[in-house]
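Next come the chains, spelled out residue by residue.
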Amino acid sequence: MISLKTLGLVALLLGVSWAYQVKPKNYHKLVEQQKMFNEQFEKEFLTEHMKFMETGVKSDRLEEMFEHLRQKPDMFRQELDNHPLPYQTTECTACRALVTTYLTYRRILNWDRDRIAAQAASTCDTLGILLPENCVKIIDKNIDIFLYIIDNKPSLTAQTICGVIFQSGACVLEDPEFLNWTIEVSAGGTPITSSKTGSNRGPNDFKIVHLTDLHYDPHYRTGYNAVCGEPCCCREAQGIPENPEEGAGEWGDYRDCDSPWKAVEDAVREAGRRHPDAAYVYHTGDIIDHGVWETTISGNVQSITRTNNLLKEVFGATPVYNVLGNHEITPTNVFAPSHIDRPDFSPSWVYELVADQWSNWLPAATKQTILHGGFYTALVRPGFRVIGLNNNDAYTFNWWILYDPAYLRGQLQWLHDTLLEAERVGEKVHILAHIPIGAGTSFVTWARQYRRILDRFWNTVQAHFHGHTHADEFNVFYSAANSQHAINVAFNGGGTVPFSNYNPNYVVYYVNPQTFEVTDFESYYFNLTEANLHPQRDPLWTPLYSFSQDFTISNVSPASLDTLVRRFGQTPSELHRYWTLKVKRGDPFLDAGCDGECLLNHLCEIVTNEANDDRKCNELVSAFRQLDDDKWNWK
């Protein structure tokens, strides 16, 4: 048996800093050890937990096992694929043990809905995930969906469930039903023989403003508890802390807090005032707050409506192209397939809402696909098309992937067919999606099929625009067949919300009016510490960077950014500078710093297009580690 102490040593060996996780050389050996541990742990946990259910007494061993699984205090600050590997290790173990236990209670012991829900809420409390009353709320919001899925899919195992959610380390997906579906990709297209080049910024380029992740919290209150220990703080129900330094700031807070309305409004109005000449606005989602335990349809409708009305007021006749974020739905993240006929599971309310509210900017023909799945395409001007995806359905926290993974084919096939028609008539395309395409939380089979589409239409798609991470970053897409060929770029707008440790920002792109490629981009931000020291004054927005100028490159084409990434790998001081801009000079980030291992993770995040495809990362890591230690141990 592998002891908890031994596993702790494994976790330390696996552990690295914040961001994408570079794997150690002995990673596969450690993963095999972890798999063995998980199998033993889940069996023993089930035995000990069933004894607890029979006697009402927790054994010392069960207490020890719960302690091993207990939530780490800063997990909520990071997206799952940015958790340090020790966190991912523990989370995978917890998933296997808990899912096996509850599948047994439901399928073998025939526990009813209320008993399952009550015990799951108790476990949530024991592991310190939420406060007891909020554990009850979050379980109640999700339990009926889970039970529907596991009752109607008896072949579903804990290994598959955890493999879908984590898809890394010992929780790698192996079920062929989830891995082997494909879409039809047409023959033809321009062969990929080199990296995609582009033109420099010119005087006639038009501007696009990119806003994302506004995360408006109607419950935000200045001075209220910003150190509440839950996924979302600074809220009225959490009270005023005894220590005034733990109170929420006037314009937001670096800690786990979303934005008050005045901060949302200030950011949108600032973008409108500073860039009245913008031709278009991209808004890539996440209007709703992180209070996931108490979201409601009516509350989400109010926040979405208020925000869309603000966008209409500020930008007037300027077209705004929106996509849905994973927080717009309730329960958060959970977008059911259209063929699920239970009204209480249906996402149709949010599709109907945005189909109506986006109609101010979109042609009537988009309504059909928005109502079907929250996605659309629109001709912006002759030769230039926008595609707005709802790729939240491929987010690994969308439980419906577990029920029917192949339903994800529908939107991908539509994307392919839309690009095929755009290619036929000579249009260039921008693709908007909330979740970064290459993120580790994008379902791996979906990401693989997406890359097939992009390899086929690399010359039609000119750029991608994402949100979700709250980081001001970019990603380079490489050909799946040849990782030396950079074929596309995704730009992330960061976010106007400071959650967590960031300064608010938005991005402006310069776009060639003939080719519709992005030639350069700029970011604008304000320092939250300074703004909160002057609560009666509006924040002081200022340029964060002008990318081509700050990094001395001629343009931001895939080829140019690939060259820059290689430069980052040889010059840690430049990579460190990129990191400071990526985190938007957030004071807590700068105070904590980012050493050489941390910088490696951020470097690899730029070039990773699919979970567990580390080819490009390994190439850069190899070069980076050959530098003298005094160069790459950057503080």
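What counts as what
Residues numbered from 1 in each chain as written. Predicted model: local features only at pLDDT ≥ 70, side-chain atom pairs only at ≥ 80, totals over all residues. Heavy atoms only, no water. UniProt positions renumbered as here; feature names shortened; annotations may be inferred. Salt bridge = Lys/Arg side-chain N within 4 Å of Asp/Glu carboxyl O. Buried < 20%, exposed > 50% of the residue type's maximum accessible area, 1.4 Å probe, protein only. Helix = DSSP H or I, 4+ residues; strand = E, 2+ residues; numbered from the N terminus. Contact = heavy atoms within 4.5 Å. Polar contact = N/O pair within 3.5 Å; in protein donor to acceptor, adjacent residues only side chain to side chain. Pairing = 2+ DSSP bridges. Right-handed = clockwise from strand over helix to strand, strands pointing away. Disulfide = S-S within 2.5 Å. Axes fitted to C-alpha atoms, helices over the stretch in contact; angles between N-to-C directions. Arc of directions from axis to C-beta. Core = buried A, V, L, I, M, F, W, Y, C linked by side-chain atoms within 4.5 Å.

Where an unreviewed UniProt entry is consulted, the protein chain appears under the name Sphingomyelin phosphodiesterase, with the organism given as Aedes albopictus. In the Function (unreviewed entry) part of its UniProt record, the protein chain is described as follows: "Converts sphingomyelin to ceramide." Among the UniProt annotations of the protein chain, the heading Subcellular location (unreviewed entry) holds the following wording: "Secreted".

Caption draft 1: Structural view of the pattern of salt bridges. Taken as a whole and assessed by the stated rule, the structure comprises 41 salt bridges. Where Asp 344 meets Arg 342, a salt bridge forms, and the shortest distance between an N and an O atom there is 2.6 Å. Here Asp 344 falls in the exposed class, since its relative accessible area comes to 51%. For Arg 342, a relative accessible area of 31% corresponds to the partly exposed category. Glu 427 is the salt-bridge partner of Arg 385, the closest N and O atoms lying 2.7 Å from each other. With Arg 385 in strand E5 (residues 384-388) and Glu 427 in the loop between helix H14 (409-425) and strand E6 (428-432), this residue pair connects regions lying 42 residues apart in the sequence. This pair shows no difference in class: Arg 385 is buried, exactly as Glu 427 is.

Caption draft 2: Just the environment of Gln 449, in detail. Among the structural elements, Gln 449 can be located in helix H15 (residues 444-456). Sequence spacing of Gln 449 and Ile 183 is 266 residues, and the spatial spacing of their C-alpha atoms is 6.9 Å. Beyond its immediate stretch of four places on either side in the chain, Gln 449 contacts Trp 181, Thr 182, Ile 183 and Leu 412. A polar contact is formed between the side chain of Gln 449 and the side chain of Arg 452, at a distance of 2.7 Å.

Caption draft 3: Molecular detail of the pairing of strand E1 (residues 206-211). Burial analysis of E1 places 6 of its 6 residues in the buried class, the great majority of the element. Here E1 shows no split at all, with Phe 206, Ile 208 and His 210 on one side and Lys 207, Val 209 and Leu 211 on the other all buried. Here E1 pairs with strand E10 (residues 505-511) via 5 bridges, running antiparallel. The partner of Val 209 across the bridge, within E10, is Val 508. One ladder, built from 4 bridges, connects E1 with strand E2 (residues 280-283); its direction is parallel. In the sheet register, Ile 208 faces E2, and the bridge partner there is Tyr 280. Taken together, E1, helix H9 (residues 261-274) and E2 constitute a β-α-β crossover, and its handedness is right-handed.

Caption draft 4: Local environment of the state of the cysteines. The final tally for this structure, using the stated rule, is 7 disulfides. Cys 228 shares a disulfide with Cys 233; S-S distance 2.0 Å. Here the S-S torsion is close to -80°, and the disulfide linking Cys 228 with Cys 233 is therefore left-handed. The pair Cys 228 / Cys 233 is uniform in exposure class, with both members buried.

Caption draft 5: The sheet that holds E5, seen in detail. Pairing is mixed in the open sheet, where 6 strands are placed in the order E4-E5-E6-E7-E9-E8. Looking at strand neighbours, the two that pair on one side only are strand E4 (376-381) and strand E8 (474-478), the edges of this open sheet. The sheet shows a mean angle of 25° between the axes of neighbouring strands, taken without regard to direction. Docked against the sheet, helix H18 (residues 558-570) engages E8 and strand E9 (486-492), running at close to 80° with respect to E9.

Caption draft 6: Geometry of the side chain of Ser 442. Along the polypeptide, Ser 442 turns up in the loop between E6 and H15. In this structure Ser 442 comes out as buried when scored by relative accessible area, which is 2%. Only 3.4 Å separates the side chain of Ser 442 from the backbone oxygen of Ile 437, close enough to count as a polar contact. Excluding anything up to four places from it in sequence, Ser 442 contacts Gln 167, Ala 394, Thr 396, Ile 435, Pro 436 and Ile 437.

Caption draft 7: Fine view of helix H3 (residues 60-69). Along H3, the residues classified as buried are Leu 62, Met 65, Phe 66, His 68 and Leu 69. The buried residues of H3 occupy one face: seen down the axis, they fall within an arc of 155°.

Caption draft 8: The arrangement of the side chain of Lys 207 in detail. Of note, Lys 207 is situated in strand E1. For Lys 207, a relative accessible area of 11% corresponds to the buried category. Only 3.1 Å separates the side chain of Lys 207 from the side chain of His 275, close enough to count as a polar contact. With near-sequence residues (within four places) excluded, Lys 207 lies in contact with His 275, Asp 277, Ala 278, Ala 279, Tyr 280, Val 508, Tyr 509 and Tyr 510.

Caption draft 9: Just the UniProt feature "domain: Saposin B-type" (unreviewed entry) in the protein chain, in detail. Feature annotation in UniProt assigns "domain: Saposin B-type" (unreviewed entry) to the following positions: residues 88-175. In residues 88-175, the share of helix is 73% and the share of strand is 0%. The end C-alpha atoms are 20 Å apart.

Caption draft 10: Quick peek at the nonpolar core. Counting 100 residues, the largest nonpolar core has Tyr 321, Phe 474, Phe 491, Phe 547 and Leu 561 as its most contacted members. Per-element accounting of this core gives the leading share, 7 residues, to helix H21 (residues 596-607). For Tyr 321, the residues in contact, after removing those within four places along its chain, are Tyr 280, Val 281, Tyr 282, His 283, Leu 362, Tyr 376, Ala 378, Val 380, Val 386 and Leu 432. In this structure, Ile 149, Phe 166, Phe 345 and Ile 401 belong to the second largest nonpolar core, which totals 86 residues.

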